[in-house]
Amino acid sequence: MTRPPARAGSRTSADRLARLLNLVPYLLARPGIEVAEAAGDLGVTERQLREDLELLWVCGLPGYGPGDLIDMAFDGDRVTITYDAGIDRPLRLTPDEALALVVALRMLAETPGVANRDAIERALAKIEDAAGDLVGAPVAVRLPGDTRRVEALRAAVEGGKALRITYYTAARDETTERVVDPLRMLMVGGRAYVEAWCRRAEAVRLFRADRIDAITELDEPATVPPQAVPHDLTEGVFRPSPDLPLITLRIGRGERWITEYYPCERVEAGDGDQWLVSLRVTDLGWARRFVLGLGPDVTVVAPVELAEQVRAAASAALDAYAVPAPTSVPRRPEVDPATPAPVDTGPVGAPSGDPAVAGRTQ
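A few points on the structure.

What counts, and at which threshold
Residues numbered from 1 in each chain as written. Predicted model: local features only at pLDDT ≥ 70, side-chain atom pairs only at ≥ 80, totals over all residues. Heavy atoms only, no water. Axes fitted to C-alpha atoms, helices over the stretch in contact; angles between N-to-C directions. Helix = DSSP H or I, 4+ residues; strand = E, 2+ residues; numbered from the N terminus. Parallel < 35°, antiparallel > 145°, perpendicular 65-115°, else oblique. Left-handed = near helix turned anticlockwise from the far one by under 90°. Contact = heavy atoms within 4.5 Å. Nonpolar A, V, L, I, M, F, W, Y, C, P; charged D, E, K, R; others polar. Salt bridge = Lys/Arg side-chain N within 4 Å of Asp/Glu carboxyl O. Buried < 20%, exposed > 50% of the residue type's maximum accessible area, 1.4 Å probe, protein only. Phe/Tyr/Trp six-rings, centres within 6.5 Å; stacked < 30°, edge-to-face > 60°. Pairing = 2+ DSSP bridges.

What follows covers the packing of helix α8 (residues 284–292) against helix α9 (residues 304–320). When two helices pack together, their arrangement is given by the angle between the helix axes and the distance between those axes. Taken N-terminus to C-terminus, the directions of α8 and α9 make an angle of 55 degrees; their axes are 10 Å apart at the nearest point. Taken together, the axis directions place α8 and α9 in an arrangement best described as oblique. Seen along the crossing, α8 lies across α9 with a hand that is right-handed. The residues of α9 that touch α8, namely those facing Leu 284, Ala 287, Arg 288, Val 291 and Leu 292, are Glu 305, Leu 306, Gln 309, Val 310, Ala 313 and Ala 314. Grouping the constituent residues of the contact of α8 with α9 by class yields eight nonpolar, one polar and two charged.

Below you can see the structure in the form of structure tokens.
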């Protein structure tokens, strides 16, 4: 058994996946077929087919050891499948699989900023037509959040219009009004963003759709200057850089999730279950609110300025919840049992027990 030549090129992943799903059943039905003939039937070059066969060689069942992977034999230019790993017929969707695929494509079509929306709609129409009765009733998919706001932003981007927005900046805990020139819509981490040239900051900024309190589409077209370059978001919205503040925290076991949720520059084991974690933040105002929300298992190690801000904010919060001390009540003097009790005489010269003066007021 000899292996085919090493792969040389690359193609569209979706096209290749569709071809691989049908390649094994095709070869099983034609044992010993010539590679050139198979390439002609499948509409690819002989070189592409050999690359696909090489990829199939490392595909198979979980375990991925001998006896789990797809295997084949070559006799000159002829190929025969000797182990199919269960892929013995072309892909046929079950009702649940067809519905899941339709939902996924509809969600993709609703995602802001997705390119080639027409291609998604065409693929969806083909699948729905092919699935037929498997899908059943029509499926409507809506992403979470304010759909109308996202649609307004998408329309502005597609229409090339400038926008006036009222925006809440969580890092500084402030609301500002800005005029922006939209560049594109994005979906990052399950949240919708509009990337735009901000005339106030004179730079490209990302605005979260759910933090935009008001949108007004202006009559003027969006004017994006040549220096406006979209951000590279392949690693997320927040990109740590050396010019940002570096904070160091001592955290307990219950707060170790920080190291997985936020990009950390350094994580070291401390005393007991404690860890020392260093990470970059946008500003110390955000870091102060972040630390205050974590609870007692977190201590600020550096910088000193952040520790003082956290201490002051915590003290102010405790003062706001403090209970006022009770007002002191004068104690009655102790009376000696041997001393007769004083008599309330009421008005001068009239004993309190006199019916003639009972109930009078002074």
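A side chain of one charge can pair with a side chain of the opposite charge if their charged atoms are brought near each other. In this structure the tally under the stated criterion is twelve salt bridges. Close ionic contact of Arg 253 with Asp 273 constitutes a salt bridge, the shortest N to O distance being 3.2 Å. Note that Arg 253 is positioned in the loop between β9 (246–251) and α7 (258–261) and Asp 273 in the loop between β10 (264–269) and β11 (275–280), a separation of 20 residues in sequence. Given a relative accessible area of 41%, Asp 273 falls into the partly exposed group.

Okay, the packing of aromatic side chains next. Inspection of the entire model under this criterion finds six aromatic pairs. Relative to Phe 207, the ring of Tyr 167 lies with its centre 5.0 Å away and its plane at 85 degrees, an arrangement referred to as edge-to-face. Of the two residues, Tyr 167 is situated in strand β4 (residues 161–169) and Phe 207 in strand β7 (residues 203–208); the sequence distance between them amounts to 40 residues. Of the two residues examined, Tyr 167 and Phe 207, each falls in the buried class. Look at Tyr 262 and Trp 286: their rings are 6.0 Å apart centre to centre, the planes differ by 70 degrees, and that puts the pair in the edge-to-face class. Of this pair, Tyr 262 sits in the loop between α7 and β10 while Trp 286 sits in helix α8, and the two are 24 residues apart along the sequence. Classification of Trp 286 as partly exposed rests on a relative accessible area of 23%. These aromatic residues form a ring-pair network of at least three members: Trp 257, Tyr 262, Trp 286 and Phe 290.

Examined against the element boundaries, Cys 198 turns out to sit in strand β6 (residues 191–198). Note: C-alpha distance between Cys 198 and Pro 182 (16 residues apart in sequence) is 8.6 Å. Those residues in contact with Cys 198, other than ones at most four positions away along the chain, are Arg 178, Val 179, Val 180, Ala 203, Arg 205 and Phe 207.

Cis geometry is adopted by the peptide bond preceding Pro 303, which originates at Ala 302 and carries an omega value of -5 degrees. Inspection of the secondary structure assignment puts Pro 303 in the loop between β12 (298–302) and α9. Not every positive phi belongs to a glycine, and Glu 202 is a case in point at roughly 55 degrees. With relative accessibility at 60%, the residue Glu 202 sits in the exposed group.

What follows deals with the pairing of β11. As paired elements, β9 and β11 share six bridges and run antiparallel to each other. Among the inter-strand pairings, Ile 251 is bridged to a residue of β11, identified as Trp 275. Relative to β11, β10 runs antiparallel, the two sharing five bridges. Following the sheet pairing, Glu 268 is matched in β11 by Leu 276. The antiparallel hairpin formed by β10 and β11 contains five residues in its connecting segment, where Gly 272 sits at a positive phi of about 60 degrees.

Further remarks concern the sheet that holds strand β5 (residues 174–188). Pairing within the open sheet is antiparallel, and its five strands lie in the order β7-β6-β5-β4-β8. Each of the sheet's edge strands pairs with one partner strand only, and the pair in question is β7 and β8 (212–221). Taking each pair of neighbouring strands and ignoring which way they run, the sheet shows an average axis angle of 45 degrees. Looking at chain direction, β4 and β8 are connected through six bridges and run antiparallel. Residue pairing for β8: Tyr 167 is matched across the bridge by Ile 212.

Function-wise, these values are silent; they only describe arrangement.
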